[in-house]
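A look at the structure
Each chain is listed here by its residues.
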Amino acid sequence: KAGVTQTPRYLIKTRGQQVTLSCSPISGHRSVSWYQQTPGQGLQFLFEYFSETQRNKGNFPGRFSGRQFSNSRSEMNVSTLELGDSALYLCASSSALSVYGYTFGSGTRLTVV
Amino acid sequence: GIQVEQSPPDLILQEGANSTLRCNFSDSVNNLQWFHQNPWGQLINLFYIPSGTKQNGRLSATTVATERYSLLYISSSQTTDSGVYFCAVDDKIIFGKGTRLHILP
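A few points on the structure. (Residues numbered from 1 in each chain as written. Chains lettered and ligands numbered in written order. Predicted model: local features only at pLDDT ≥ 70, side-chain atom pairs only at ≥ 80, totals over all residues. Heavy atoms only, no water.)

1. Notes on the sheet that holds strand S3 (residues 19-25) of chain B
Residues and elements named next belong to chain B. One open sheet accounts for five strands, arranged S1-S3-S8-S7-S6; its pairing is antiparallel. Two strands close off the open sheet at either side, each with one partner strand: strand S1 (4-7) and strand S6 (52-56). Sheet twist, expressed as the average angle between the axes of neighbouring strands with direction ignored, equals 15°. Where strand S7 (residues 59-64) and strand S8 (residues 69-74) come together, six bridges link them in antiparallel fashion. (Pairing = 2+ DSSP bridges. Helix = DSSP H or I, 4+ residues; strand = E, 2+ residues; numbered from the N terminus. Axes fitted to C-alpha atoms, helices over the stretch in contact; angles between N-to-C directions.)

2. Some points on the interface of chain A and chain B
Interface extent is often summarised as the accessible area lost during association of the parts. Every contact between the two is made by 20 residues of chain A and, on the other side, 16 residues of chain B. A combined buried area of about 1600 Å² lies between chain A and chain B, and 55% of that area is made up of carbon and sulfur atoms. Counting across the chain A and chain B interface gives six residue pairs in polar contact (both at pLDDT 80 or more). Those elements giving two or more residues to the side of chain A that touches chain B turn out to be strand S4 (31-38), strand S5 (42-50), strand S6 (53-57) and strand S9 (87-94) of chain A. Per-element accounting of the side of chain A that touches chain B gives the leading share, four residues, to S5 of chain A. When grouped by side-chain class, the residues that make up the side of chain A that touches chain B number nine nonpolar, eight polar and three charged. (Contact = heavy atoms within 4.5 Å. Buried area = accessible area lost by both parts, 1.4 Å probe. Polar contact = N/O pair within 3.5 Å; in protein donor to acceptor, adjacent residues only side chain to side chain. Nonpolar A, V, L, I, M, F, W, Y, C, P; charged D, E, K, R; others polar.)

3. Quick look at the packing of aromatic side chains
Per the stated rule, a full pass over the model turns up nine aromatic pairs over all chains. On the basis of an interplanar angle of 70° and a centroid distance of 6.4 Å, the ring pair of Phe104 of chain A and Phe95 of chain B is categorised as edge-to-face. With Phe104 of chain A in strand S10 (residues 103-104) and Phe95 of chain B in strand S10 (residues 94-95), this residue pair bridges two chains. Judged on exposure class, the residue Phe104 of chain A and its partner Phe95 of chain B are both buried. A connected cluster of aromatic rings, assembled from ring pairs, spans Tyr35, Phe45 and Phe104 of chain A together with Phe35, Phe86 and Phe95 of chain B. One cation-aromatic arrangement involves Arg22 of chain B over Tyr69 of chain B; the distance from NZ or CZ to the ring centre is 4.2 Å. (Phe/Tyr/Trp six-rings, centres within 6.5 Å; stacked < 30°, edge-to-face > 60°. Buried < 20%, exposed > 50% of the residue type's maximum accessible area, 1.4 Å probe, protein only. Lys NZ or Arg CZ within 6 Å of the ring centre and 35° of its normal.)

The structure is reproduced here in structure tokens:
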């Protein structure tokens, strides 16, 4: 079966712009989580959605937001981009409300210039 | 919050060698996973192991929840094992900083 699909794979944006990243989970998976990976901070949890509802949220400013659609696809949005938002953004899907069985996508590498 | 510490931070081994990676966590956790991130950034789920021992081919993992640590064993290393190994705990998937493993041919 198809894995977790993230689009786009690479993105270059200018400071102050906004960006939307997309994640399509494995068919049948209803939980989607987002993570930011940077060399300095490592992997950090952004938020988790289950059945269109945000279940958990990490310690990120309100510029970071997300949503999940009825088909379980999820998007995350970052507004007013800063240089420090440059990172690899990873999404993972799971069939249950837990970390068990998480499958990660290949990520979107965002560069803010 | 829970702190997750991994050791060693870097490890360089010759192909065929065995290795042990360690993950310490500061509080009781409901779940623990080991991941491998390959050089292209893909995170692969290796084990879900909140307690006990599991084996999958050349890899095995043991978690001693009462003593708050987990170990990942890699035997007969291959160059494809290179990358960063992360352990992650709890529902928000708190990741350690990882162990960067280099396997030399």
